[in-house]
Every structure is written in C-alpha cells, then in structure tokens.
Amino acid sequence: MSQPLTHPLHTIQKERAIIFILAALQFLHILDFVIMMPLGPVFMQSFKIDSAAFGLLVSSYSISAGVFGLIGALFLDSFDRKMSLLVLFFGFSFGTLLCAIAPNYPFFLFARIIAGGFGGMIGATVLSIIGDIIPVFRRGTATGVVMSSFSVASVIGIPIGLSLANRYGWHFPFLSLAIAGFLILPIGYKVLPAIRYHLDSDEHPKQSQFKSLKEVLLKKDHMAPFIFMVFLMFGGFTIIPFLSPFLVSNVGLAVDELPYIYFFGGLFTFFTSRLIGKLADRYGKLKVYQIISILAIIPIVLVVTLTKTTLPIVLVITTVFMILVSGRMVPAFAMVTSAVEPRIRGSFMSVNSAIQQIASGAASYVAGLILVQTSDQQFLNYELVGMISVFSLLFSVYLAKNIKIAG
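Everything quoted here is computed from the prediction, not taken from an experiment. (Residues numbered from 1 in each chain as written. Predicted model: local features only at pLDDT ≥ 70, side-chain atom pairs only at ≥ 80, totals over all residues. Heavy atoms only, no water.)

(A) Representation of the overall build of the protein chain in the model. A tally of regular secondary structure across the protein chain gives 18 helices and two strands. Over its C-alpha atoms the protein chain spans a radius of gyration of 20 Å, differing by no more than 12% from the 22 Å that the globule rule assigns to 407 residues. Evaluated residue by residue, the protein chain yields a buried proportion of 61% over its 407 residues. Counting 27 positive and 17 negative side-chain charges, the protein chain places the averaged centre of each group 5 Å from the other. (Helix = DSSP H or I, 4+ residues; strand = E, 2+ residues; numbered from the N terminus. Rg over C-alpha atoms; globule rule 2.2 N^0.38 Å. Buried < 20%, exposed > 50% of the residue type's maximum accessible area, 1.4 Å probe, protein only. Lys, Arg positive; Asp, Glu negative; His and termini not counted. Charge placed at Lys NZ, Arg CZ, Asp CG, Glu CD.)

Structure (structure tokens):
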C-alpha cells in the first residue's frame, strides 16, 4: 500500500519533482556502472588484461553491491528512506572518486568494490521510495521514468564519457561523475520529502530487522521474484558487458564509433521505456513482460552471430537489442516491487537488489570465462554466451507467472 493520496506530497507536481530527483540520482548511479562496458577495449589495452580479468572488473562492482545489499537489508527499514538514500549516494560518489584517481588495476578493482558496496543499495532504496509514495496504478509509469535513466545515460552520458576518455584519459569520466554526485546531494536533500510511512504506519506491528529479513527470506511468495531476478539478469548480463569489445574485435567497429551504438540505443529506449511502463499499467505487467522477453530473443541471436558488418546495420540490430532487453526490465521491476507489503519493502528490495547484483556479476564473470580471445584479439564462444541468455529469457517468462502481487 502507498501513502494516502490525500497527503500533501501527493500533488502531481510534487510527485513529478520526486520522480525527477530519483531519476537523476539513478542516472549517475547507472552511468557509473554502464560506462565500464563501452570502455572495455580501453581498459583491456590500458591494464593489459584479458576477457576474464575484465569480467572480474565488471562483476566486482555487482558482487560487492549484492553482499552489502544483504547487509543493508538489516537496517534500511529502520531509517527515513530519504536520509538512507542520500548517505548511500555520498558513499557511492566517494567510491567513484577513488576510481578516478586509481593508478593501476588492483587499486581500480578495489575502488569498484567500494563504489559497488554503496551503489548497490541505491537502486533498492529508490524502488522502495517509489513503492511507498507512488500509487500502484501509477507505479508502472513512475518505474518507467526512473528506469529510463539507463536510456539517458546511454544517449548523453556514455557518448560524453567516451569523448572525455578519448581526450583526457579513462580517469576523467569517473572524476566528472564524482563531482556531479557531490553537487546533486544538496539538491536531493531539498527536493525529497521525509519518507517515514514504513516507520509511522500503525497497520502493522514493528519488529526487529533480523525478523524482517527472516520473514523476507522465508516467506513462500518471495521465492518466485527472487528466482525470477536471477534469470532476468542472466538474460542480459551474459551479453552486455562484452558487447563493445566484441563489436570492436569481431565486427570491425572503431572505438570512436561505439558512442553511436549507445546514443541511438539509448535515444530509442528513453521513449520506449516510458511507453512500456504505460502499456504495463494498461494491459498487465506480466503480459507485457512475456511479449517483450520473447521478442528480445531475435536481436540477441543476431548480435552474438555478427561478423564484419557495416555500422548502419550494426546500429539497427543493437538498437532493437537495447530496446527489448532493457525494456523488459520495466514490467519486471514493477511486478517485483509490488510483490511485498510496505512494512518490509526496504528489506525485501535490499535482498532482491542483492540477488540482482550478484546474479549480474556472476553472469558477467561466467561470460568472461567462456569467452576466449585469439592471438589477433578475436572473441570466440560469444554464440554460446548467447545460448545461455536465450535460455534464461525463456525460463524467466515461465517464472514470471508465479509472482504474486501483495494485497
């Protein structure tokens, strides 16, 4: 249940302002993660590492986010969600600053772990805030707006980040993100309201966070969304981290052509994410998720079997890939967010986010182990990685039917 609509916070203008600042925080958080993947060829060359080491670099952030997310599940429901979000974002910005000053691979790996530890709990807190203060019949739309942060990061953030990296070195994008993160904190403090509904509500008795976590983990209805999240992540993150290195090494794209991939993919998904959110509210989140997931198999197969191809053809395939693979996340997260009652939503979303992050990290690492680079830097076995992705997509379609909406 959301906060009562009669509450002053629930004017349309106030709701839009809240969603905007949540989307802005999510944008910086997402950009810090997604900038790693198009910079893959740069890191592999700069640090002299192979696909397995790069997979570890990507997965270290996600696994750290998952582990600390589980720890966060013990205390996030005990605090005002506004202050939790801002403290977490400060820690994340500090970790990103460490990335900017990293002199070598081990230090950079350590900095990614720090950034991931704080960043992993940001997503759960943002989704909990949406679940607490956005009415269920507008929750799909709100989720779509916040999820479109990925698209904005792709359209604006990644091309700018790659340009900065090409001109000033890979350190500069992370320095820019850290500065932006510290600057947005006071704005977030002013715009976001105190969010204490889960603390002040008299509908449910208060209980310790250990009991809340135990209830989250042992409740039968929660197992379906947790397992669903694992296969949701394997459906995308076996492919996505190595897309840029594959396009450069196997398809023949130049590094300075990569921004076009993310610009056009992000540009279209910026609009389609919100459209998918509205369709999910109108026709049902499960139905929309199932349709999009099945359609996503087509561009996945095309991507992993690409050979030397011209840029326009690659742009069409990768854009459709991003629209469908990222678009399925909107109804998926809307379903998962609605699968828990408010009093334990923070703990539930922390556990769910931990599972999400660990699964995506595991998917990236497994893909890095499967992929093999030849002496001329060509990637082998990307088709096998694609088979894992397709199986995960199909199985997630089956699992989605078992997710029950709380209340």
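The discussion continues.
(B) The arrangement of the packing of helix 11 (residues 220-237) against helix 16 (residues 329-337) in detail. Two elements in contact, helix 11 and helix 16, have axes whose closest approach is 11 Å; the angle formed by their N-to-C orientations is 160°. On the basis of their axis angle, the class for helix 11 and helix 16 is roughly antiparallel. The two elements helix 11 and helix 16 cross, and the hand of that crossing is left-handed. Along its contact with helix 11, which presents Pro225, Phe228, Met229, Leu232 and Met233, the element helix 16 presents Met329, Ala332, Phe333, Met335 and Val336. Here the residues of the contact of helix 11 with helix 16 are counted per class, giving 10 nonpolar, no polar and no charged. (Axes fitted to C-alpha atoms, helices over the stretch in contact; angles between N-to-C directions. Parallel < 35°, antiparallel > 145°, perpendicular 65-115°, else oblique. Left-handed = near helix turned anticlockwise from the far one by under 90°. Contact = heavy atoms within 4.5 Å. Nonpolar A, V, L, I, M, F, W, Y, C, P; charged D, E, K, R; others polar.)

(C) The arrangement of helix 15 (residues 311-327) in detail. For helix 15, spanning 17 residues, the distance from its first C-alpha to its last is 23 Å, which sits close to the expected 24 Å at 1.5 Å a residue. Most of helix 15 sits inside the fold, with 12 of its 17 residues counted as buried. Here helix 15 has its buried residues at Val314, Leu315, Ile317, Thr318, Thr319, Phe321, Met322, Ile323, Leu324, Val325, Ser326 and Gly327. (Expected span 1.5 Å × (residues − 1).)

(D) Highlighting the side chain of Gln357. As for its position among the elements, Gln357 is in helix 17 (residues 345-370). By relative accessible area, which is 10% here, Gln357 ends up buried.

(E) Structural view of the side chain of Lys285. Relative to the elements of secondary structure, Lys285 occurs in helix 14 (residues 285-304). With a relative accessible area of 17%, Lys285 lands in the buried category. Other than its neighbours up to four places away in sequence, Lys285 contacts Ala280, Pro331, Ala334 and Met335.

(F) Quick peek at the confidence of the model for the protein chain. For the protein chain, per-residue confidence averages 84 on the pLDDT scale, and residues scoring 70 or more make up 91% of the total. Confidence drops under a pLDDT of 50 for residues 1-9, and excluding neighbours within four residues, the segment shows 26 contacts in the predicted structure. (pLDDT = per-residue confidence, 0-100.)

(G) The nonpolar core, seen in detail. By size, the foremost hydrophobic cluster in this structure holds 127 residues, and its most contacted members are Phe43, Phe108, Phe174, Phe228, Leu247 and Tyr382. At 13 residues, the largest contribution of residues to this core is made by helix 5 (residues 105-133). Not counting residues up to four positions away in its chain, the partners in contact with Phe108 are Met36, Phe43, Phe47, Leu57, Cys99, Ala102, Trp170 and Phe174. (Core = buried A, V, L, I, M, F, W, Y, C linked by side-chain atoms within 4.5 Å.)

(H) Region of interest: the environment of Ile344. Note that Ile344 resides in the loop between helix 16 and helix 17. Taking relative accessible area as the criterion, Ile344 reaches 0% and is therefore assigned buried.

(I) View of the pattern of salt bridges. Throughout the structure, instances matching the rule amount to three salt bridges. Here Asp281 makes a salt bridge to Lys285, at a shortest N to O gap of 3.6 Å. (Salt bridge = Lys/Arg side-chain N within 4 Å of Asp/Glu carboxyl O.)

(J) Representation of the packing of helix 1 (residues 12-34) against helix 8 (residues 171-191) within the structure. Taken N-terminus to C-terminus, the directions of helix 1 and helix 8 make an angle of 160°; their axes are 10 Å apart at the nearest point. Here helix 8 runs roughly antiparallel to helix 1, going by the angle between their axes. Crossing of helix 1 over helix 8 shows left-handed handedness. Touching Lys14, Ala17, Ile21, Ala24, Leu25, Leu28, Leu31 and Asp32 of helix 1 are Phe174, Leu177, Ala180, Gly181, Ile184, Ile187, Gly188 and Val191, all from helix 8. Class assignment for the residues of the contact of helix 1 with helix 8 results in 12 nonpolar, two polar and two charged.

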